[in-house]
Amino acid sequence: MAIQLLVAKVLRDELSLRGIRSLTAEESEAIAARIFERITELELELAARGFNIPASGDDKPT
């Protein structure tokens, strides 16, 4: 996925600016992939919560 490679490069560049130079291309790509996995998990969790929120007035017993 091209966006993951772009994020991996940005990650390497940002770490390099901070003096961290030991991250390989493969490591940064793995980190970027994990970041995207976690974002997807969070999006799913938030969507699931959205389905569980009662609409206004729907939570009152009849």
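Note that the structure is predicted; figures quoted are calculated from it, not measured.

How each quantity is defined
- Residues numbered from 1 in each chain as written.
- Predicted model: local features only at pLDDT ≥ 70, side-chain atom pairs only at ≥ 80, totals over all residues.
- Heavy atoms only, no water.
- Axes fitted to C-alpha atoms, helices over the stretch in contact; angles between N-to-C directions.
- Helix = DSSP H or I, 4+ residues; strand = E, 2+ residues; numbered from the N terminus.
- Parallel < 35°, antiparallel > 145°, perpendicular 65-115°, else oblique.
- Left-handed = near helix turned anticlockwise from the far one by under 90°.
- Contact = heavy atoms within 4.5 Å.
- Nonpolar A, V, L, I, M, F, W, Y, C, P; charged D, E, K, R; others polar.

(A) Just the packing of helix H1 (residues 2-17) against helix H2 (residues 25-52), in detail. The interhelical angle for the contact between H1 and H2, taken along N-to-C directions, is 120 degrees, at an axis separation of 8 Å. Taken as axis vectors, H1 and H2 run oblique relative to one another. Taken as a pair, H1 and H2 cross one another with a handedness that is right-handed. In contact with Ile 3, Gln 4, Leu 5, Val 7, Ala 8, Leu 11 and Arg 12 of H1, H2 contributes Ala 25, Ser 28, Glu 29, Ile 31, Ala 32, Ala 33 and Phe 36. Grouping the constituent residues of the contact of H1 with H2 by class yields 10 nonpolar, 2 polar and 2 charged.

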